[in-house]
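Summary of structural features
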Amino acid sequence: MSKRVLITGGNSGIGLCTAEQLAGRGAEVILACRDQDRGRAAVARIKNTHPSAKVRLFDLDLSDLESVRNSAAVIYRELDHIDVLINNAGVVPTKQGFTNDGYEMQFGVNYLAPVLFTHLMLPLLQKGEQPRILHVASVAHWLGRINKKTWRGRKPYLVMDAYGQSKLGNILFSNVLADRLAELGITSNALHPGGVDTPIFRYVPKPIMALIRPTLTTPEKAARLPVSLALDPQYADVSGEYFANFKPAMRSPLARNSKLAETLYYDTMAELDLPAL
């Protein structure tokens, strides 16, 4: 029986290559994208390469929490289960921007909205077969610090500091889910798929760049890790890990801090007005 995989932002870059490879391995692919034109183009591209693939497209705007709730309600009505959720979508604006709810864009889109969306998808995941949640993080989480004072804006705005905080948040959230969802049989893992060389790296300090450069690759190669974690049987019972290069990778001390993870989780639940798991 094929897996049903929901991937956010799977209409370009690593996300699109992930969606294509998932379809190529027989998975049913659910794309949740903000840009519906690009989403339809992605569906057409996948179907052109894999004519028998099952691919569906839903609207999802992570910069608007009310929109996230509405989109999740539509998905819940349309689907009876999800086997894998891949939180892939993200932004890296070089100038400070804000979500519709007033959060700094990277914190809001890369971290806060995926937390909300994941919680709203849990009822569908509970109905899945060996359900898995994957969070696309980054080695740049080593730059991250959790600072509530920056959640609604930074002065000055430093793009990699903001990015690092959001990616650190992804890993900490994954860790919390791994603990809290264990009894439900839902696994949660974070991953660094490998970076694709883009102009964003000019903002990375040289010591961090020395860590990142060996992992730079093509989108096609970068997609292999999330595809493997989503579908391969050897990962069915693995939870609470952070993967890079197909093996558990070293996390920053903050990313291993369980007290910080719990504090961030409860603070996030307060921001989203959600009950804790």
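Residues numbered from 1 in each chain as written. Predicted model: local features only at pLDDT ≥ 70, side-chain atom pairs only at ≥ 80, totals over all residues. Heavy atoms only, no water.

Taking an unreviewed UniProt entry as the reference, the chain is identified by name as SDR family NAD(P)-dependent oxidoreductase belonging to Alcanivorax sediminis. Per its UniProt entry, the chain bears the Sequence similarities (unreviewed entry) comment "Belongs to the short-chain dehydrogenases/reductases (SDR) family." (UniProt positions renumbered as here; feature names shortened; annotations may be inferred.)

As for unusual backbone geometry
Phi is mostly negative for residues that are not glycine, and the peptide bonds are mostly trans. Put simply, Lys155 and Pro156 share a cis peptide bond, and its omega is -5°. Its place among the elements puts Pro156 in the loop between strand 5 (132-136) and helix 5 (159-180). Residue Gln130 is not a glycine yet carries a positive backbone phi of 45°. Relative to the helices and strands, Gln130 resides in the loop between helix 4 (105-126) and strand 5. (Helix = DSSP H or I, 4+ residues; strand = E, 2+ residues; numbered from the N terminus.)

Some points on helix 1 (residues 13-24)
Helix length check: helix 1 (12 residues) gives 17 Å between terminal C-alpha atoms against 16 Å at 1.5 Å per residue, within 8%. For helix 1, the set of buried residues is Gly15, Leu16, Cys17, Thr18, Ala19, Glu20, Leu22 and Ala23. Buried residues belonging to helix 1 abut strand 1 (4-8), strand 2 (28-33), helix 2 (36-49), strand 4 (84-87), helix 7 (219-222) and helix 8 (224-231). Immediately beyond the C-terminal end of helix 1, within one or two residues, lies Gly26, with a positive phi of roughly 90°. (Expected span 1.5 Å × (residues − 1). Buried < 20%, exposed > 50% of the residue type's maximum accessible area, 1.4 Å probe, protein only. Contact = heavy atoms within 4.5 Å.)

Here's the deal with the sheet that holds strand 6 (residues 187-192)
Ordered by their spatial adjacency, 8 strands build an open sheet running 3-2-1-4-5-6-7-8, and the pairing between neighbours is mixed. Single-partner strands in this sheet number two, and they are strand 3 (55-59) and strand 8 (247-248). Inspection of the sheet shows strand 1 paired to strand 4 by 3 bridges, in the parallel sense. The partner of Leu6 across the bridge, within strand 4, is Leu85. The strands touched by helix 2 are strand 2 and strand 3; relative to strand 3, the strand with the most contacts, the crossing angle is about 175°. Running over the sheet, helix 8 touches strand 1, strand 4, strand 5, strand 6 and strand 7 (242-244) and is turned about 165° from strand 5. (Pairing = 2+ DSSP bridges. Axes fitted to C-alpha atoms, helices over the stretch in contact; angles between N-to-C directions.)

Focus on the nonpolar core
Counting 60 residues, the largest nonpolar core has Leu6, Ile75, Phe117, Met121, Leu125, Ile133 and Leu272 as the members making the most contacts within it. Every element with two or more residues in this core is listed here: strand 2, helix 3 (65-78), helix 4, helix 5, helix 6 (206-212) and helix 9 (258-272). Once you skip the residues sitting within four places of it in the chain, Ile75 turns out to touch Leu6, Phe58, Phe117, Met121 and Leu124. Among the nonpolar cores identified, the runner-up in size contains 27 residues, and Ala23, Val55, Ile86 and Tyr235 belong to it. (Core = buried A, V, L, I, M, F, W, Y, C linked by side-chain atoms within 4.5 Å.)

A closer look at empty space enclosed by the protein
According to the stated counting rule, one finds 1 cavity of 30 Å³ or more in the structure shown. Here the largest cavity is characterised by a volume of approximately 70 Å³. Thr8, Leu62, Asn87, Asn88, Ala89, Asn110, Pro114, His135, Val136, Lys167 and Asn170 are the residues that line the largest cavity. Mapped onto the lining of the largest cavity, the elements with two or more residues apiece are helix 4, strand 5 and helix 5. (1 Å grid on protein atoms, 1.4 Å probe; cavity = no way out; pocket = protein on both sides within 12 Å on 5 of 7 lines; lining within 4 Å. Points joined across faces, edges and corners; volume = space filled by probe spheres on them.)

Notes on helix 5
When the terminal C-alpha atoms of helix 5 are compared, their 32 Å separation across 22 residues agrees well with the 32 Å that a helix rising 1.5 Å per residue should span. Summarising burial for helix 5: 19 of the 22 residues are buried, a large majority.

Thoughts on the pattern of salt bridges
Two side chains of opposite charge can pair, provided their charged atoms sit close to one another. Counted according to the given criterion, the structure contains 8 salt bridges. Notably, a salt bridge pairs Arg4 with Glu28, separated by 3.2 Å at the nearest N-O pair. With Arg4 in strand 1 and Glu28 in strand 2, this pair connects stretches of sequence that are 24 residues apart. There is no split in this pair, since Arg4 and Glu28 are both buried. With a shortest N-O distance of 3.1 Å, Glu78 and Arg56 are connected by a salt bridge. You can see Glu78 sitting in helix 3 and its partner Arg56 sitting in strand 3, a full 22 residues away along the chain. Glu78 gets classed as partly exposed once you look at its relative accessible area, which sits at 45%. The class of Arg56 is partly exposed, set by a relative accessible area of 31%. The structure contains a network of salt bridges with shared partners spanning Arg4, Glu28 and Asp80. (Salt bridge = Lys/Arg side-chain N within 4 Å of Asp/Glu carboxyl O.)

Some details on the packing of helix 5 against helix 9
Where helix 5 contacts helix 9, the axes come no closer than 9 Å and their chain directions differ by 95°. Looking at the two axes, helix 5 sits roughly perpendicular to helix 9. Across from Gly169, Leu172, Phe173, Val176 and Arg180 in helix 5, the residues of helix 9 making contact are Leu260, Ala261, Glu262, Leu264, Tyr265 and Tyr266. Here the residues of the contact of helix 5 with helix 9 sort into 8 nonpolar, 1 polar and 2 charged. (Parallel < 35°, antiparallel > 145°, perpendicular 65-115°, else oblique. Nonpolar A, V, L, I, M, F, W, Y, C, P; charged D, E, K, R; others polar.)

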